[in-house]
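Breakdown of the fold
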Amino acid sequence: MQYVLAPPPRPGLPVLGTDRLFPIRRVYCVGRNYAEHAREMGHDPSREAPFFFQKNPDNLVTTGRFPYPPGSSDVHFEVELVVALAAGGRDIAEADALATVFGYAVGLDMTRRDVQAEAKRMGRPWEAGKAFEASAPCSPIAAAASIGHPARGLIALDVNGTPRQRGDLADMIWPVAGIIAQASRLFELAAGDLIFTGTPAGVGPISVGDRLACMIAGVGRLDVEVTPDGRG
């Protein structure tokens, strides 16, 4: 059987040190996984089970540009460790979870904060605030076979050279293995899935022309320029 329309190409991320792409299946995101960020958003950072929302695979961008989205006047940056899975399953034990990981990247969970806040106020889903075009800038993936499984180290973001976010991977309420185990109780995970693991405190708004410099010790760096929407 043939498709009635030509299927779009599958999104992928470059893998450091190779000429190959990591194919993207799904993109999961963990909310409020750093205590100080939970507090700055007005929530109790107690160790409750993590909650998840999703972005679309084609929201990922690797161009180094983030076009400021229409429909919002308050867009925020959130730097995050991204986990790329080489295997999956259901009800994965935390002790076995890291064996499913292919590698790690530096990502941005860009958020239309005003749109998200209105959705929260109305008790509606967050997709319009989270899963919009180009909302997931991401660095190339560093294979776990090369860098191991980073559990501590600086995670940081500067805007125009000014420090804005500073945290440590060790500050995550749920570490990577726990996140994978919890996610596998809600979804059937599979090779090609990405998990954005949450952001430290210091999130804030951006403007056209801003330059965001993101880094995670032992993982990599992501540089992004905020550009006009570009739709004319």
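Anything mentioned here points back to the structure above.
Below is a summary of the structure that appears in this document.

This part is about the overall build of the protein. What the protein contains, in helices and strands, is 5 helices and 18 strands. Radius of gyration (C-alpha) of the protein: 17 Å, near the 17 Å computed for a compact globule of 232 residues. Based on the C-alpha atoms only, the size of the protein along its principal axes is roughly 50 × 45 × 40 Å. Across the protein, the mean location of the 23 positive side-chain charges is 2 Å away from that of the 26 negative side-chain charges.

This part is about the pattern of salt bridges. One pass over the full model with this rule turns up 10 salt bridges. Linking Arg25 and Asp193 is a salt bridge whose minimum nitrogen-to-oxygen distance equals 3.0 Å. Of this pair, Arg25 sits in the loop between strand 2 (21-23) and strand 3 (27-31) while Asp193 sits in the loop between helix 5 (176-186) and strand 15 (194-196), and the two are 168 residues apart along the sequence. By relative accessible area, Arg25 is classed as partly exposed at 28%. Two residues, Asp109 and Lys130, come together in a salt bridge whose shortest N-O distance is 2.7 Å. On the criterion of sequence distance, the pair formed by Asp109 in the loop between strand 9 (101-108) and strand 10 (111-112) and Lys130 in helix 3 (residues 127-130) is long-range, its members being 21 residues apart. Each of the salt bridges in this network shares a partner with another, and the network as a whole consists of Lys55, Glu78, Asp109, Arg113 and Lys130.

Let us look at the environment of Gly220. Locating Gly220 in the fold gives a position in strand 18 (residues 220-227). Sequence separation of Gly220 and Pro57 is 163 residues, and the distance between their C-alpha atoms is 21 Å. In this structure, Gly220 is in contact with Val106, Cys214 and Met215, ignoring residues within four places of it in sequence.

Here Asp158 is to be found in strand 13 (residues 154-159). In this structure Asp158 comes out as buried when scored by relative accessible area, which is 18%. A polar side-chain atom of Asp158 sits 2.8 Å from a polar atom in the side chain of Arg166. Ignoring anything within four residues of it in the chain, the contact list for Asp158 reads Pro163, Arg164, Arg166, Arg211, Leu212 and Ala213.

Another aspect to go through is the nonpolar core. In terms of nonpolar packing, the biggest core is built from 45 residues, with Phe66, Leu108, Met110, Ile180 and Ile206 touching the most fellow members. Listed by contribution, the elements that provide at least two residues to this core are strand 3, strand 7 (75-77), strand 8 (79-85), strand 9, strand 13, helix 5, strand 17 (211-216) and strand 18. Looking at which element gives the most residues to this core, the answer is helix 5, with 5 residues. Beyond its immediate sequence surroundings of up to four residues, Met110 is in contact with Lys55, Phe66, Val75, His76, Phe77, Gly129, Lys130, Phe132, Ser135, Pro137, Ile206 and Leu212. The next biggest cluster of nonpolar side chains, apart from the first, holds 17 residues, and it includes Leu13, Val15, Cys29 and Phe53.

Further remarks concern the sheet that holds strand 10. An order of 10-7-16 is seen for the 3 strands of this open sheet, with the pairing classed as antiparallel. Both outer strands of the open sheet, strand 10 and strand 16 (204-205), are each paired with one neighbouring strand and no more.

Our next topic: helix 5. For helix 5, a buried count of 8 out of 11 residues is recorded, marking the element as mostly surrounded by other parts of the structure. Buried within helix 5 we find Val176, Ala177, Gly178, Ile179, Ile180, Ala181, Ala183 and Ser184. Looking at the packing, one finds that the buried side of helix 5 touches strand 3, strand 4 (51-55), strand 8, strand 9 and strand 15.

Time to look at the sheet that holds strand 14 (residues 162-168). On the basis of which strands lie adjacent, the open sheet formed by 5 strands has the order 6-18-17-13-14 and mixed pairing. Looking at which strands have only one partner, the edges of the open sheet turn out to be strand 6 (65-67) and strand 14. When the angles between neighbouring strand axes are averaged without regard to direction, this sheet yields 20 degrees. With 5 bridges connecting them, strand 13 and strand 17 associate as antiparallel partners. Paired with Ile155 across the strands is Ile216, a residue of strand 17.

Conventions and cut-offs
Residues numbered from 1 in each chain as written. Predicted model: local features only at pLDDT ≥ 70, side-chain atom pairs only at ≥ 80, totals over all residues. Heavy atoms only, no water. Helix = DSSP H or I, 4+ residues; strand = E, 2+ residues; numbered from the N terminus. Rg over C-alpha atoms; globule rule 2.2 N^0.38 Å. Lys, Arg positive; Asp, Glu negative; His and termini not counted. Charge placed at Lys NZ, Arg CZ, Asp CG, Glu CD. Salt bridge = Lys/Arg side-chain N within 4 Å of Asp/Glu carboxyl O. Buried < 20%, exposed > 50% of the residue type's maximum accessible area, 1.4 Å probe, protein only. Contact = heavy atoms within 4.5 Å. Polar contact = N/O pair within 3.5 Å; in protein donor to acceptor, adjacent residues only side chain to side chain. Core = buried A, V, L, I, M, F, W, Y, C linked by side-chain atoms within 4.5 Å. Pairing = 2+ DSSP bridges. Axes fitted to C-alpha atoms, helices over the stretch in contact; angles between N-to-C directions.

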